[in-house]
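Understanding the architecture of this molecule
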Amino acid sequence: PAAEARAAAAAEIARRKEEAACRRTVSVPVKLVGGLIGKGGEAIKSLQQEGCASISVGKPKAGDELQRLSIKACSEREADECERWVWRRVDDLRAAAASGKGSAEEEEIHTLLRLRPRRREAVEELHLLTRAPRAACVAALTASGGTVDEAEEALISRGPYPA
């Protein structure tokens, strides 16, 4: 009886946590959803492994230009991170589509799309702080072992970069 009561209490706590989860819905262009999800869902899986957020993709209706994504996170901060990741990835996908095939810009964007979500966020932070090209930010971050401060110092010592 005591074990059953503990199990029931644990189930109730889990149910309440589920209800308390932060939920959001965003709509993205249908044509970008495949790139957003990644091959075999790897991009979304990577996001889910890094934090306490998940994304589910709704089915678009025939003729819809936008597709709904449902974000569920443990906190507002996690939901914000997840939503930022979605929009950053949408921007990267649009830039990839606009860049010339085989161009250096296209290669840089595809490099960014392969990054894990938090690493991609760190690259953007470095780019905004130093104005260094994103490819240089990726290289500096890798050389620093993932330390943003060290990567920033290395990039600043090589600068200045054009605005």
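Just above sits the structure.
**A closer look at the overall build of the chain**
Counting secondary structure elements, the chain contains eight helices and three strands. Here the C-alpha radius of gyration of the chain, 20 Å, is well above what a compact globule of 163 residues would show, namely 15 Å. The C-alpha extent of the chain, read off along each of the three principal axes, is 70 × 45 × 25 Å. The 163 residues of the chain split such that 35% are buried. A total accessible area of about 10,000 Å² is found for the chain, and carbon and sulfur atoms account for 54% of it.

**Re the environment of Leu 126**
In this fold, Leu 126 is placed in helix H6 (residues 117-130). Owing to a relative accessible area of 0%, Leu 126 belongs among the buried residues under this scheme.

**Observations concerning the packing of helix H5 (residues 104-114) against helix H7 (residues 134-143)**
Where H5 meets H7, the axes come as close as 9 Å, and the angle between the chain directions of the two elements is 45 degrees. Of the possible angle classes, the one that applies to H5 and H7 is oblique. In this structure, the crossing between H5 and H7 has a hand that is left-handed. Here Glu 108, Thr 111 and Leu 112 of H5 come into contact with H7, specifically with Arg 134, Ala 135 and Val 138.

Reading the values: the criteria
Residues numbered from 1 in each chain as written. Predicted model: local features only at pLDDT ≥ 70, side-chain atom pairs only at ≥ 80, totals over all residues. Heavy atoms only, no water. Helix = DSSP H or I, 4+ residues; strand = E, 2+ residues; numbered from the N terminus. Rg over C-alpha atoms; globule rule 2.2 N^0.38 Å. Buried < 20%, exposed > 50% of the residue type's maximum accessible area, 1.4 Å probe, protein only. Areas by Shrake-Rupley, 256 points an atom, 1.4 Å probe, with all protein chains shown as cover. Axes fitted to C-alpha atoms, helices over the stretch in contact; angles between N-to-C directions. Parallel < 35°, antiparallel > 145°, perpendicular 65-115°, else oblique. Left-handed = near helix turned anticlockwise from the far one by under 90°. Contact = heavy atoms within 4.5 Å.

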